[in-house]
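Descriptive structure summary
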Amino acid sequence: MTCKLMASSQLTELSVRKLLARRRLLAGRLSEPERTLRGVLLREGRSCSSEGCRCRRGELHGPYTYLAVYTEGRSRTIYVPAAARAATEAHVALTQRNEELLLEISQINLELLRRRALE
Ligand SMILES: [Zn+2]
């Protein structure tokens, strides 16, 4: 059920009819846009504020999971509680798949525009 994405150089070799068929196929594979969550999951150790803690000697606490997100022109890191980790991973993975599909749909539309076939 995986769909190998095509590079734009490959798209230029397809007929308009094939581009339209491929665009329809890709659009049909988009799933659950309501679960979109853009970001990158990180696993990191942290140090705390107490003097003399083992983390001050490099034995960090964790590792904990964080979601790095880029919004409103800056990146932030949000702590992901263990109970939310699986759901967060699923949302992020689904979003990456959808964005790959949207990227190729956009490249197809660009190719259609170049050929004056965008409707
Ligand atoms: Zn500590």
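Residues numbered from 1 in each chain as written. Predicted model: local features only at pLDDT ≥ 70, side-chain atom pairs only at ≥ 80, totals over all residues. Heavy atoms only, no water.

**Describing the overall build of the chain**
The line we're drawing: A run of DSSP states H or I qualifies as a helix once it reaches four residues; a run of E qualifies as a strand once it reaches two. Both are numbered from the N-terminal end. Radius of gyration here uses only the C-alpha atoms, and the compact-globule reference equals 2.2 Å multiplied by the residue count raised to the power 0.38. Buried means the residue's accessible area, taken with a 1.4 Å probe over protein chains only, is under 20% of the maximum for its type, while exposed means over 50%, and partly exposed covers the values in between. Throughout, a contact is declared for two residues whenever any of their heavy atoms are within 4.5 Å. Surface exposure here means Shrake-Rupley accessible area, sampled with a 1.4 Å probe, where a residue is shielded only by the protein chains that are shown. Only four residue types enter the tally: Lys and Arg on the positive side, Asp and Glu on the negative side, with His and both chain ends excluded. Charge placement uses NZ in Lys and CZ in Arg. For Asp and Glu, CG and CD serve respectively.
The helix and strand tally for the chain stands at three helices and three strands. Going from the N terminus to the C terminus, the chain shows its helices and strands as α-α-β-β-β-α. For a compact globule of 119 residues, the expected C-alpha radius of gyration is about 14 Å, and the chain comes in at 21 Å, more than 25% above that figure. Counting only C-alpha atoms, the chain reaches 70 × 25 × 25 Å along its principal axes. A buried classification covers 23% of the 119 residues belonging to the chain. Residue pairs at least 24 apart in sequence account for 57% of intrachain contacts in the chain once pairs closer than 6 positions are excluded. As presented, the chain carries roughly 8,600 Å² of accessible surface, and 53% of it is formed by carbon and sulfur atoms. Charge-centre separation for the chain: the mean point of 21 positive side chains lies 3 Å from the mean point of 13 negative side chains.

**Considering the pairing of strand β2 (residues 61–71)**
Rules: The rule for pairing is simple: two strands pair if DSSP sees at least two bridges between them.
Bridge count between strand β1 (residues 40–46) and β2: six bridges; the pairing is antiparallel. Residue pairing for β2: R46 is matched across the bridge by H61. Where β2 and strand β3 (residues 74–80) come together, seven bridges link them in antiparallel fashion. Its bridge partner lying in β3, Y66 is registered against Y79.

**Comments concerning unusual backbone geometry**
Backbone torsion omega between G62 and P63 reads 10 degrees, so that peptide bond is classified as cis. Tracing the backbone shows P63 in strand β2. Even without a glycine there, the phi angle at E32 is positive, about 45 degrees.

**Here we look at the pattern of salt bridges**
Going by this rule: What makes a salt bridge here is a side-chain nitrogen of Lys or Arg within 4 Å of a carboxyl oxygen of Asp or Glu, nothing more.
Applying the stated criterion to the full structure yields seven salt bridges. With a closest N to O distance of 2.4 Å, E104 and R22 form a salt bridge. With a gap of 82 residues between them, E104 in helix α3 (residues 85–114) and R22 in helix α2 (residues 16–28) connect regions that are remote in the sequence. Relative accessible area serves as the criterion here: at 1%, E104 is assigned to the buried category. Given the relative accessible area of 13%, R22 is considered buried. Here R114 and E111 are joined by a salt bridge, their closest N and O atoms 3.2 Å apart. Here R114 pairs with E111, and both are found in helix α3, just three residues apart, close to one helical turn. Of the residues examined, R114 reaches a relative accessible area of 55% and is grouped as exposed. Relative accessible area serves as the criterion here: at 7%, E111 is assigned to the buried category.

**Here's the deal with the side chain of T88**
Of note, T88 is situated in helix α3. In this view, T88 contacts L37, L41, L67 and V80; residues no more than four positions away in its chain are not counted.

Fair warning: the whole summary comes from geometry, so function is off the table for now.
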